[in-house]
Amino acid sequence: MRWTPEAEKAVERVPFFVRKRVRKRVEEEAFRSNAKLVRIEHVQRCKERYLNRMEDEVKGYQVETCFGPSGCPNRAIGDDEIAGLIEERISRRDWRAFLEGRVRGTLKMHHEFRVSVSDCPNACSRPQIADVGLLGAREPALTDETCSRCDACVEVCREAALSLPEDAARPVLDTERCLFCGQCIDVCPTGTLREARRGYRIVVGGKLGRHPRLATPLQGIHDREQALEWLDRCLDFYRDRSERGERLGEILNRTGLDALTEVEKGAEGSRRKKTGSGRHS
Ligand code: SF4
Ligand code: SF4
Ligand code: SF4
């Protein structure tokens, strides 16, 4: 739906973490009045109807996505279902009621548990400030296919993770610099670079507020099922340790990241006992 500049400007003043939700409500308001264009009066009517009763809108969690599903060419992973699956997993837990039991006073939007999914390392949905952030990742690997030394992979890599020394038969990949965007794989004409893994990198415990904290990365690249298992683990970890509805990052500051990853090691151990096998992530 198109917006007038005046209406756009009015919504820009809304805090970013509720802006998407407010935009949706304003568009619903315009739709109810059979308008094809969102105007300032729709924003004002919506403000009266919705913004003054914001606590009714608090559901205890938020799931944000980037614009990848709308056709962004940078997507490292194209999973259009993961946001819905995340939403489903959290909503099953009756998270609002749980948080209301922990928070002192009224439950507000800043108490909500936030999950953010970005389909590539550009991180447009800001996973670094979410409780759980997923970043689409494709890991490149060098194969034995003959390299034509076309230099395309070196040119496309914005991280300078690939170099092509004079006397080398194929590029050198610096895995410490690589952000797993997968662009070098797509431009390689010979198959010398191929995709080794595709999935999500996971970051946990990000937040803004009085004491901002950038999310801490977990190791590895995780497929959809593993990423959802990590989400469950983070929710369990949060539920067992939250004292007053503080953000996950504050809990991790108290416990250290190992307290969360140890939960994973314990779960991994019991899975191995049950299945008699190991697994990678
Ligand atoms: S995070 Fe990547 S895939 Fe998503 S909108 Fe931004 S650039 Fe596109
Ligand atoms: S995946 Fe992206 S960051 Fe990594 S080497 Fe390739 S182009 Fe560079
Ligand atoms: S690895 Fe592929 S893209 Fe890179 S120089 Fe060789 S042929 Fe070109």
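Quantities reported herein were computed from a predicted structural model and do not represent experimental measurements.

Let's shift gears to the site of ligand 1. Ligand 1 sits among Cys-66, Phe-67, Gly-68, Cys-72, Asn-74, Arg-75, Ser-118, Asp-119, Cys-120, Asn-122, Ala-123 and Cys-124. Classifying every residue of the shell around ligand 1 by side-chain character gives six nonpolar, four polar and two charged.

Ordered in space as β3-β4-β5-β8-β9, the five strands form an open sheet in which the pairing is mixed. Every other strand in the sheet has two partners, leaving β3 (61–65) and β9 (216–217) as the edge strands with one partner each. Here strand β4 (residues 113–118) pairs with strand β5 (residues 132–142) via four bridges, running parallel. Within β5, the position partnered with Ser-118 by the bridge is Leu-135. Lying over the sheet, helix α2 (residues 16–32) contacts β3 and β4, oriented at roughly 80 degrees with respect to β3.

For ligand 2, the full set of nearby residues is Pro-140, Cys-157, Glu-159, Ala-161, Leu-162, Leu-173, Cys-178, Leu-179, Phe-180, Cys-181, Gly-182 and Cys-184. Because more than half of its atoms lie within 2 Å of the grid, ligand 2 is assigned to the largest cavity. A breakdown of the residues in the shell around ligand 2 according to their chemical character gives ten nonpolar, one polar and one charged.

The interhelical angle for the contact between helix α5 (residues 95–102) and helix α8 (residues 224–241), taken along N-to-C directions, is 30 degrees, at an axis separation of 11 Å. With respect to α8, the element α5 is oriented roughly parallel. Between α5 and α8 lies a crossing whose hand is left-handed. Contacts between α5 and α8 involve Trp-95, Phe-98, Leu-99 and Arg-102 from the former and Leu-235, Tyr-238 and Arg-239 from the latter. Tallied by class, the residues present in the contact of α5 with α8 amount to five nonpolar, no polar and two charged.

Once that is clear, we can look at the pattern of salt bridges. When the charged atoms of two side chains lie near each other, side chains of opposite charge can form a pair. All chains considered together, the criterion is met by 30 salt bridges. In this structure, Arg-224 and Asp-79 form a salt bridge, with 2.9 Å as the shortest nitrogen-oxygen distance. In this pair, Arg-224 sits in helix α8 while Asp-79 sits in the loop between β3 and α4 (82–91), placing the two residues 145 residues apart along the sequence. One salt-bridge network, held together by shared partners, links Arg-89, Arg-93, Glu-225, Asp-232, Asp-236, Arg-239 and Asp-240.

Turning our eyes to something else, we now look at α5. For α5, the set of buried residues is Trp-95, Phe-98 and Leu-99. Projected onto a plane normal to the axis of α5, the buried residues spread over an arc of 95 degrees and lie on a single side. Against the buried residues of α5 lie β3, α4, β4 and α8.

The next thing to look at is the domain arrangement of the protein chain. Assigned domains within the protein chain: domain 1 (1–57) and domain 2 (58–234). The C-alpha centroid of domain 2 is placed 30 Å from the C-alpha centroid of domain 1. With ten residues of domain 1 at the interface, the matching set in domain 2 holds 15 residues. Taking both sides of the interface into account, the surface hidden between domain 1 and domain 2 amounts to around 910 Å²; carbon and sulfur atoms contribute 55%. Area buried by domain 1 at its contact with domain 2 is led by Phe-16, Phe-17 and Lys-20, which between them contribute 53% of it. Seen at the junction of domain 1 and domain 2, the total is one salt bridge. A salt bridge links Lys-20 to Glu-64; its shortest N-O distance comes to 3.8 Å.

Thresholds applied
- Residues numbered from 1 in each chain as written.
- Chains lettered and ligands numbered in written order.
- Predicted model: local features only at pLDDT ≥ 70, side-chain atom pairs only at ≥ 80, totals over all residues.
- Heavy atoms only, no water.
- Near = heavy atom within 4 Å.
- Nonpolar A, V, L, I, M, F, W, Y, C, P; charged D, E, K, R; others polar.
- Pairing = 2+ DSSP bridges.
- Helix = DSSP H or I, 4+ residues; strand = E, 2+ residues; numbered from the N terminus.
- Contact = heavy atoms within 4.5 Å.
- Axes fitted to C-alpha atoms, helices over the stretch in contact; angles between N-to-C directions.
- 1 Å grid on protein atoms, 1.4 Å probe; cavity = no way out; pocket = protein on both sides within 12 Å on 5 of 7 lines; lining within 4 Å.
- Sits in = over half its atoms within 2 Å of the grid points.
- Parallel < 35°, antiparallel > 145°, perpendicular 65-115°, else oblique.
- Left-handed = near helix turned anticlockwise from the far one by under 90°.
- Salt bridge = Lys/Arg side-chain N within 4 Å of Asp/Glu carboxyl O.
- Buried < 20%, exposed > 50% of the residue type's maximum accessible area, 1.4 Å probe, protein only.
- Arc of directions from axis to C-beta.
- Domains from an automatic or database assignment.
- Buried area = accessible area lost by both parts, 1.4 Å probe.

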